[in-house]
Structure formats: structure tokens, C-alpha cells
Amino acid sequence: MWKSAETLLASALLAGALAVSGMAVADPQPGKPAAKAEKDKTDKARQAVNVAAPAATAPAAAKAIALGRPALQEEIAAWNIDVRADGEGLPPGKGSVKEGEELFLQNCAQCHGEFGEGAGRWPVLAGGRGTLKSERPEKTIGSFWPYASTVYDYVHRAMPFGSNLSLTPDQTYAIVAYLLNLNDLVAEDFVLSKDNFPKVDLPNEANFYDDDRETSEKAFWKKNPCMKDCSGEVHVTARAQILNVTPDGDPPKGNLE
Amino acid sequence: MSDTSLPPTERASGAKPSLSKSSLSRRRFLNLAGIGAGAAVAGGGAALAAPAAGTPDPNIVPVPDWTKTLGAPVNENPYGKPSVFEKDVVRREVTWLTASSQSSVSFTPLYALDSVITPNGLCFVRHHGGQAEIEPDKYRLMIHGLVDKPLVFTLEDLKRMPGRVNRAYFLECAANSGMEWRGAQLNGCQFTHGMIHNLFYTGVPLKTLLDMAGVNPKGKWVLAEGADAAVMTRSIPLEKAMNDCLVAFGMNGEALRPEQGYPVRLVVPGWEGNMWVKWLRRLKVGDQPWQQREETSKYTDLLADGRSRRFTFVMDAKSVVTSPSPQAPLKHKGPNVLSGIAWSGRGTISRVDVSLDGGRNWTTARIDGPALPMSMTRFYLDFDWAGQELMVQSRAMDDTGYVQPTKQELRAIRGTNSIYHNNGIQTWLVRSNGETENVEVG
């Protein structure tokens, strides 16, 4: 027992030392898949440093594990509420802008404003077109969101805040239709349904692209960052105390009761 | 700066702080931080309350009462609490940030913590629909979608699962430091950097569960969903899910705290905290991402040209000096220990440099404690302070060769509207009286 404890400790210390002195880094090639696989292996080995016998890390994979049970179709149906950008997951149903306006005024306007302009500090849902490059971008369904499916999914899933999962499919279609109308994306007589849904495009969709930091920010992978006389005279250019917005630990106040 | 320089908040773009009405006076804040505004810095090695030379210390003569009377019984607190003298070391909210405290955040008091593991009760909390309370016997996890066998697990199933592991990982909210994009704003590392914690998780590899269900070769993404009133969802690439994600039921040796997703949360090492779905109820395998609200409207990075990066999952290498900092000012001239934390979502912290002159000259800090991949690493710089003004910075490097950028370098590429993923170098200005402030330098 003692011996193995000591060995464990020694290997932990060794790994610590390795990690700290791991400065001799290979050429930074963050994007390369082979390099990534190798890196994943190293990271795993380091995290698993205290695993005494490596064989023990692989669970009895070959043998089926007799845990869990098959999910029933009714169970899946009860929780399977996600809606995808291509419309997969949309339930049958429809709703008009007119019906949506009524529902929105009853269930949503007290927080989001009658026209989605946002009451007080609650989120703004409409407007903001053309503001994304400005000092104060206003990110709304019309100005920012890439997919209308997300509006359906989220409103049904999480709204109204405080009584989520309460809207029927028809009600949700109607509210989404109204939100699209508030954002000047559909006409007042529009009726949204499962069938015409995938045809509803949002204007900002093309302006999203996948994470490219490993190429667009390649300059941040530096071999030898400067250590001495790296800049001229340094001055303070901005101070937090002038803003004076830091809280002081007063007990939190909720807005919802 | 006027209030128009405040960035939009993470969530409510209509949120505006009422600056003029802020209840905080600078004096009150400094009191909170442990010193009065005018507190004198003690010189040399002298302790603040030391008596005149030659006079016996009243804390030694006479012998203190606590040494002469019986103390509290062993089980005074069946679940132990910190010393009453540490009562200010708590999570704090920035109430003007959000419209509702059910969809809000409270911050880790990093300035008062040391080592690498965050105490369970001090881990920052971010909810989108309040804290769900789930009875462990009624907990269910469903796996379905593009799998051979849709499955349901109970908590007991997960705890009987072969191959249980313990892993230390940091969890950082993508919006950590998000209020600082346009300039120094919040005065304390609790608020500028406190949306992070670092814990030992106990759980089973997500791969084990997915393998049991049998992922269809067409499966490329996994939707993770919570059982809270936000029914929080994120799409996670299958490759990541199979590589190192965990389905965790333990934190630092005990059950998950309710605010961290009791009884089960997802662990997504090195990736933004929002993906670590709490109160995990469902995993669905699919062939494309779901474009959920938290990966379109939120957690996408708006750049200066009006376009946005999406799926920016990994957290870039970052560090911050936690002491000195605005809530932990310097109190003594002479020997001092500068302390801070560094972390990287891409791997292991290989080195941290510290500057005391605003980035002109750097000294490599001493790392102590475990330096594990995608886990918080503690660094120190032991230094003598003569009472001169300092501009304290730290710069982290990881084992992919990434070097934490300055805020200027970051803004040159991303602009100031992205809210998320601000990993720029932080500057604290230490004045000659020890008072410390969040500033920017140039």
C-alpha cells in the first residue's frame, strides 16, 4: 500500500513538473487535425495522472453494460421539443399575425413591450436593423437572429418567462408570426404554419461564420513574447472608479415576485 | 467616460444602469474591501496593529480568552461554515446587469481565494430560468435521436456505471470580462473575472453512455438539454462529446450543489460554461447543429464589421492577478506576495509572466500546485514594494504556444461589440497608499 501511494505521489509531482516546464512547445499548429489528436492524448494523460493502472481506465467496453432501459416512444415524444433550422421538429399547426398580436399583448407585452421594444430592462425583440456595426448594436430577431426556427423553439421552450412550456403549437405559430411582422418580415395578413415555415428566412443569416480564431488570430501564437523594454512610457488611459458602477454587496433585489 | 460607453449586457440589450443613482460610494466599497479610504500603508515589516517597540503585545500578554475557555462542541455546525471573520467572502450580484434575478449571475470572490480549487459555496452562478429543485429518485436522463437504442438512465444507474472518473476542470462563462470590452468598468476581479470556478468533478465519460445507446454513423452533433425552466439547450460536436465530456454528479467530493445542476450536469472541458448544461435531462444525437437561442442570439461574437463568429466554443488562455486587486489592496510595504490564476481551454498553462510597470517589462511568475490541462493554475510573484505606483498585469501562455493578448490587440481584431470571449490582459493600478483600481493603459 505504502509503496503504491508513494509512486502515485511521485508520478503526480512529475506530471506537475512536466506541465510547468512544458515550455518546449512544438511548433504551434493549432489547426492541424493530427496535431489536435496528439494534443487530446497528452491532455487526457495529464488529467488522468493519478490513475494507477492504465488498463483500469477502460471500462468493460466489450461487455454490454446492464444499466439503463429502453426509452418508450411516449417518453421521447414528451421531452423531444427541439426545432431545427431546417424545420425538423415543428409540430402540425398554424397561427396568424392577428391572433399572435392578441396573444402577445396578453402574455408577453408586459415585459417585451407592445411592439417588442422592451419594457424597462427586459429584452428588445424588434427593430435594430442596421445597427450591428454601430457603437450600440441592437440585436433583435429582425436585426440579428439567423433563423426563424429558433424563435419558435425558444418561445415554446422558455417563454412566457415564469410559465414556460404553456403555449400550444397554434399559439406559438401565431406569436412567431406576430414577432416576424413586428420586424417587418411578413405582412399583416400572414399565417404561419408548419408547411410554410422553412421558407421564412431572416435577413442576417449570411453574416454568421464558424469560429476561425486559429487562423484570423494566428498572431496570438507567439514563440517568444517580449520580456524587456516592450513599449515606451505607459499611461493610464481609462479608470473604473470614474464610472462608479461597481456594486457594494447589498442583498440582491429580484424583479419577479 | 459617460454612461454611453457602457457595453450592452450579456442578455438584455435594453439594460441600462442608473449610474447617478448608484448606491455605492467609493468609501463604502473600500470598506468592503477591508480598508478605509485613507488607510495608511504600514512600512517595512511592521504589522498594522503592532505596539510601540518594547511594549508587550496585548494579543500575547495577557493570554487571550480563547486559550482559557472551552470552545464550541464538535458538531456545532453539522455542515461546517467558514469562520465568522470571513463573512464578506461571498458571491455578489451586479443587479443592474439583468432585469430578473432568475436569469442573472452572481460572481466568485476570486480576490479572497487561493490555490486552484474553488470552494463549492463560492462558485459563481448563472441561471436562465432560476434554480431547479430535482428529487434524486425522480431524476431521469434520456438519450435518443440518431442512436440504435434510445435509453433512459436513473441517477442510481449513473452511479453504478463502470469507469467512474475524477477530473479537475475550470468552467468559465463566455461572458466573463464581457463588461470590459469598451474600457475599465467594474472595480474588482470578482466582477471583471469572477464568472469562473475550478472543481474536481466526479462522473462518467459521456462516451460510455453514447456507446451504450449506439451512435449512428450519421450522427455529428449532440443536443444537451436541461430540466430547468429555461430548458437550456446547446449543440455540442459529437467529436467533443466522445473525447472528454463527462456526465457529472459530484463536485469537490460531494454531490453537485443545486445551483450547479444537482443531481447531474454536463462537463465540457475547456469550452464555454453555457455548454455545461445543468440539471441535464436529455441528450439527442443529430446530423447538424440545432441553432438554439443560446448559439445564435447569444454566445455568438459580433465583430466590428457587423458579421458574427459562431460556435466559438473553446476558451482562450487567460489570467488575472487576484491580489493585489481593487478588493484586495496592498497593506504593507516590504515583502508582498502577488497571486493570480491562469487557465486555457486548449491545454495546460506552461508559463505566466507578470509586469509591475504596465507591460514594459516582465518577470516569469512561480507556478505552484497542479498545472493540469483545462484546469486553473495558480501563480505567485514574491516581491518587495517600496510604495511606488504599480501597474500590475499578468500574461498567460499555454502548451499550444498561445500567448494571452493585450486588450488593444484583441480589439484591433474583434472590435468592442462581441460581449463574449474577452481574454485581454488586465491592468490594476496600485497607488502609493495601496489602494488598487481597475484601469486601462496605453
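Residues numbered from 1 in each chain as written. Chains lettered and ligands numbered in written order. Predicted model: local features only at pLDDT ≥ 70, side-chain atom pairs only at ≥ 80, totals over all residues. Heavy atoms only, no water.

Colleague: Which parts of the structure should I look at to understand the overall build of chain A?
Modeller: When you go through chain A residue by residue, the secondary structure sums to 9 helices and 5 strands. From first element to last, N terminus to C terminus, chain A shows the α and β order α-α-β-α-β-α-α-α-α-β-β-α-β-α. Buried positions account for 40% of the 257 residues belonging to chain A. Sequence-distant contacts in chain A: of pairs separated by 6 or more residues, those separated by 24 or more amount to 60%. By element, 58% of the accessible surface of chain A is carried by carbon and sulfur atoms, the whole surface being about 14400 Å². (Helix = DSSP H or I, 4+ residues; strand = E, 2+ residues; numbered from the N terminus. Buried < 20%, exposed > 50% of the residue type's maximum accessible area, 1.4 Å probe, protein only. Contact = heavy atoms within 4.5 Å. Areas by Shrake-Rupley, 256 points an atom, 1.4 Å probe, with all protein chains shown as cover.)

Colleague: Would you mind going over the interface of chain A and chain B with me for this structure?
Modeller: One frequent convention defines the size of an interface as the accessible area lost when the parts assemble. Facing the 101 residues of chain A at the interface are 140 residues of chain B. Regarding the contact of chain A and chain B, the summed buried area is about 10800 Å², with carbon and sulfur atoms giving 54% of it. The interface formed by chain A and chain B includes 14 salt bridges. Salt-bridge contacts for Glu225(B) lead to Arg157(A); the nearest nitrogen and oxygen are separated by 2.8 Å. Inspection of the chain A/chain B interface yields 62 residue pairs in polar contact (both at pLDDT 80 or more). At 7 residues, the largest contribution of residues to the side of chain A that touches chain B is made by helix 2 (residues 33-47) of chain A. Of the residues contributing to the side of chain A that touches chain B, the split by class is 47 nonpolar, 20 polar and 34 charged. Where strand 1 (residues 69-70) of chain A and strand 5 (residues 151-154) of chain B come together, 2 bridges link them in antiparallel fashion. Its bridge partner being in strand 5 of chain B, Pro70(A) is matched across the sheet by Leu151(B). (Buried area = accessible area lost by both parts, 1.4 Å probe. Salt bridge = Lys/Arg side-chain N within 4 Å of Asp/Glu carboxyl O. Polar contact = N/O pair within 3.5 Å; in protein donor to acceptor, adjacent residues only side chain to side chain. Nonpolar A, V, L, I, M, F, W, Y, C, P; charged D, E, K, R; others polar. Pairing = 2+ DSSP bridges.)

Colleague: Whenever I open this one, the packing of helix 4 (residues 97-107) of chain A against helix 7 (residues 169-182) of chain A confuses me. Can you help?
Modeller: Any two packed helices are characterised by how steeply their axes cross, that is the angle between the axes, and by the distance between the axes. Residue and element names in this part refer to chain A. The N-to-C vectors of helix 4 and helix 7 enclose an angle of 95°; their axes lie 7 Å apart at closest approach. With respect to helix 7, the axis of helix 4 lies roughly perpendicular. The segment helix 4 lies against helix 7, with Val97, Glu99, Gly100, Glu101, Leu103 and Phe104 engaging Gln171, Ala174, Ile175, Ala177, Tyr178, Leu179 and Asn181. (Axes fitted to C-alpha atoms, helices over the stretch in contact; angles between N-to-C directions. Parallel < 35°, antiparallel > 145°, perpendicular 65-115°, else oblique.)

Colleague: When you look at the pairing of strand 9 (residues 233-237) of chain B in this model, what are you seeing that I'm missing?
Modeller: For a regular strand, side-chain orientation follows a simple rule: the groups alternate between the two sheet faces. Residue and element names in this part refer to chain B. Along strand 9, 5 of the 5 residues are buried, which leaves the element largely enclosed by surrounding structure. Bridge count for strand 8 (residues 221-226) against strand 9 is 5 bridges, and the pairing is antiparallel. Residue pairing for strand 9: Glu225 is matched across the bridge by Thr233. Connecting strand 8 to the antiparallel partner strand 9 that follows it, the hairpin turn spans 6 residues, and Val231 within it adopts a positive phi of roughly 40°.

Colleague: Is there a simple way to think about the packing of helix 6 (residues 148-158) of chain A against helix 7 of chain A in this case?
Modeller: Residues and elements named next belong to chain A. One can describe the packing of helix 6 onto helix 7 by two numbers: an axis separation of 10 Å at closest approach and a directional angle of 125°. For the element pair helix 6 / helix 7, the angle class is oblique. Crossing geometry of helix 6 relative to helix 7 is assigned as right-handed. When helix 6 is examined against helix 7, the residues Val151, Tyr152, Val155 and His156 are found in contact with a partner set consisting of Pro169, Thr172, Tyr173, Ile175, Val176 and Leu179. Within the contact of helix 6 with helix 7, the residues separate by chemical class into 8 nonpolar, 2 polar and no charged. (Left-handed = near helix turned anticlockwise from the far one by under 90°.)

Colleague: Any chance you could explain the sheet that holds strand 13 (residues 280-286) of chain B here in plain terms?
Modeller: To summarise the sheet geometry, strands pair through backbone hydrogen bonds and adopt either a parallel or an antiparallel arrangement. Pairing is mixed in the open sheet, where 6 strands are placed in the order 1(A)-5(B)-4(B)-13(B)-8(B)-9(B). Edge strands, defined here as strands with exactly one partner in the open sheet, are strand 1 of chain A together with strand 9 of chain B. In this sheet, strand 13 of chain B lies alongside strand 8 of chain B in antiparallel orientation, the contact comprising 6 bridges. From the neighbouring strand, Trp221(B) faces strand 13 of chain B, where its bridge partner is Gly286(B).

Colleague: Would you take a moment to explain the domain arrangement of chain B for this structure?
Modeller: Residues and elements named next belong to chain B. You can read the domains of chain B as domain 1 (120-309) and domain 2 (318-439). Just the C-alpha atoms count here: the centres of domain 1 and domain 2 sit 28 Å apart. For the domain 1 face of the interface with domain 2, the top three residues by lost area are Trp181, Cys189 and His193, together amounting to 25%. Notably, a salt bridge pairs Glu172 with Lys318, separated by 2.8 Å at the nearest N-O pair. Across the domain 1-domain 2 interface, the total number found is 22 residue pairs in polar contact (both at pLDDT 80 or more). When residues of the side of domain 1 that touches domain 2 are traced back to their parent elements, those giving at least two are strand 6 (165-172), helix 3 (189-192), strand 7 (196-205) and strand 14 (301-302). Residue composition of the side of domain 1 that touches domain 2, grouped by class: 16 nonpolar, 14 polar and 8 charged. (Domains from an automatic or database assignment.)

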